[in-house]
Amino acid sequence: MDFTLVNYSLKNFLPMVYDVTAQFLVEKKGYPKSLQHRDEADLKLIRQGLLLDKKTHHFIDVSSTGDIISAYDGSRFLSKDKISTIYPDNRWPLFDLFYKRFECDAEYPSYNDTPYFFFDSCFVSPVIPIIAKHMQSLSSSDPDYSNKCRSFYKDVLESFGFNFNPENYKARKGLFFPEMIKNTDLYIKKASPKLKDRLKELRDKGTKLVVITASHIDYTELLMTYAYGSDWRDYFDVVCCRARKPGFFTCSPHARPFFQWHDKEETVGIECVIELKSDQTFLEGHWTQVDKWIKCHAEKPGRVAYVGDSFKSDIVPTKLFSSWDLFAIVLEGKNFLREEREAKYNHVNKKPHLADSEGWGNFFGSVNQTTMTAGKLIAHADITMSDIETLASLEFDENFESGCFYDFDPY
């Protein structure tokens, strides 16, 4: 749901996540107030798909083969020569470990359990300039430098729990949920009439539409009601909340049953259900149960397409552990939108198309050296789009070459 069915206003949302994180660190952990002072240069460091090497304390962007494309020491850009002195052969030594855990972990690994941070969503990437700013204030020659960095990382992780713990919504605790509730209009965009009409049209034609979100029901209700209206459930056949991805795909079906949801006061499932039912809301569960329900109730045989944006929770596990097709939403594609498509079925343009970049450079890398995240898209996504609104322009009889970028050209 987040960043797929529901579009966030990133120009407001990313600074807000920065602000609530910095406020926690200053007020709860005693860090200097300078952490709360941000400018445009700070915001330019925010980008999904980056890594923080907790051994060297450098931010890095790696290629699909583990080579280091660019790196920062705090907010200082590192030259190629400097990178080669830190990482011999210009390769990230933890890449194989990262890649294995990225594709094989049944559940989302705790950031405390890994020697790196992977900034894979807009909920966590705004802390990049905060970490960079703090590291910049430390002296790398200090014998206690590494310990100070690790202590700060732990405090940043604690801020995630303080602000993003789903149970905080109901209790109005933390800083994030109260702000989202108070100023929903600043951070969430309304779904267009065209998209809403397309969803209705799909249902009228017999297509089964299921919401699968990791968000709890109360936060889902807030966002979907604002984006689609109080009748938002009428656009979908079944709603599944608290899906706890990637385990929704990677765990055993027996370990991930669905639970019936009864009322707004209930956020954790109690009554286990054997099968899904139309026009109802469920919690947790497993993809095989959704797949079975769709195929039993579809008016005619067909394939199931899943729309997702998270590399760890959606893009990789959907293709490795399920039989579904994948429509990937990549917000960075908005920087490379086509003015118009050349022909109805011409969705791929592989000519170099790199804009001058600020901060980290192109999210997708280049034709000769794709980023790790772009490599995952090419390997796993059947269609990559920049926005759920693009779904409204898809033709019902449209065919696609697997791996295509539908509404933008990254290269």
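Quick notes on the rules
- Residues numbered from 1 in each chain as written.
- Predicted model: local features only at pLDDT ≥ 70, side-chain atom pairs only at ≥ 80, totals over all residues.
- Heavy atoms only, no water.
- Helix = DSSP H or I, 4+ residues; strand = E, 2+ residues; numbered from the N terminus.
- Contact = heavy atoms within 4.5 Å.
- Expected span 1.5 Å × (residues − 1).
- Buried < 20%, exposed > 50% of the residue type's maximum accessible area, 1.4 Å probe, protein only.
- Phe/Tyr/Trp six-rings, centres within 6.5 Å; stacked < 30°, edge-to-face > 60°.
- Lys NZ or Arg CZ within 6 Å of the ring centre and 35° of its normal.
- Pairing = 2+ DSSP bridges.
- Axes fitted to C-alpha atoms, helices over the stretch in contact; angles between N-to-C directions.
- Core = buried A, V, L, I, M, F, W, Y, C linked by side-chain atoms within 4.5 Å.
- Salt bridge = Lys/Arg side-chain N within 4 Å of Asp/Glu carboxyl O.

Student: Could you clarify how one ought to interpret the side chain of Thr 220 in this entry?
Tutor: The topology assignment puts Thr 220 in helix H11 (residues 217-228). Residues contacting Thr 220, with those up to four places away along its chain left out, are Met 1, Thr 213, Ser 215, Thr 225, Trp 232 and Cys 241.

Student: Looking at this structure, how should I read helix H6 (residues 145-164)?
Tutor: With 20 residues, H6 extends 29 Å from end C-alpha to end C-alpha; this agrees with the ideal 28 Å at 1.5 Å per step. Here H6 has its buried residues at Tyr 145, Cys 149, Phe 152, Tyr 153, Asp 155, Val 156, Leu 157, Ser 159, Phe 160, Asn 163 and Phe 164.

Student: What should I look at first to understand the packing of aromatic side chains in this one?
Tutor: A ring pair, where both rings are aromatic, is described by two values, the distance of the centres and the angle of the planes. What the rule picks out here adds up to 40 aromatic pairs. One aromatic cluster is present, built from ring pairs that chain together Phe 3, Tyr 8, Phe 13, Phe 123, Phe 160, Phe 164, Tyr 169, Phe 176, Phe 177 and Tyr 219. Sitting over the face of the ring of Tyr 226, Lys 190 holds its NZ or CZ atom 4.0 Å from the ring centroid.

Student: Teacher, can you tell me more about the sheet that holds strand E13 (residues 383-385) here?
Tutor: Hydrogen bonding along the main chain pairs the strands of a sheet, whether they run parallel or antiparallel. Strand order in the open sheet made by the four strands is E11-E12-E13-E14, with parallel pairing throughout. Here the strands that pair on one side only, and so sit at the sheet edges, are strand E11 (305-308) and strand E14 (404-405). In this fold helix H14 (residues 311-321) packs onto E11 and strand E12 (325-329), with an angle of close to 170° to the strand it touches most, E12.

Student: How should the nonpolar core be read in this particular structure?
Tutor: If you look at the biggest cluster of nonpolar residues, it comprises 83 residues, and the most contacted ones within it are Phe 13 and Ile 131. By residue number, the principal contributor to this core is helix H1 (residues 10-29), which donates ten residues. If near-sequence neighbours (up to four positions away) are discounted, Ile 131 is found in contact with Leu 52, Phe 59, Phe 117, Phe 119, Phe 152, Tyr 153 and Val 156. Within the second largest apolar cluster, 47 residues are counted, among which are Tyr 87, Val 316, Trp 324 and Phe 405.

Student: Just checking my understanding: could you explain the pattern of salt bridges for this structure?
Tutor: When charged atoms on two side chains of opposite charge get close, those side chains can pair. This structure, assessed with the given rule, holds 20 salt bridges. A salt bridge links Asp 291 to Lys 295; the shortest N-O distance between them is 3.1 Å. Highlighted residues: Asp 291 and Lys 295, both in helix H13 (residues 287-297), separated by four residues, approximately one helical turn. Given a relative accessible area of 10%, Asp 291 falls into the buried group. Asp 382 is the partner of Lys 319 in a salt bridge, and the nearest nitrogen-oxygen pair spans 2.9 Å. Taken together, the residues Lys 319 in helix H14 and Asp 382 in the loop between helix H15 (372-380) and E13 connect sequence positions 63 residues apart. Relative accessible area serves as the criterion here: at 27%, Lys 319 is assigned to the partly exposed category. Here the salt bridges share partners, and the residues they tie into one network are Arg 203, Lys 208, Asp 237 and Asp 279.

Student: I tried to follow H15 on my own but got confused; where do I start?
Tutor: Along H15, seven of the nine residues are buried, which leaves the element largely enclosed by surrounding structure. Regarding H15, the residues found buried are Met 372, Thr 373, Ala 374, Gly 375, Lys 376, Leu 377 and His 380.

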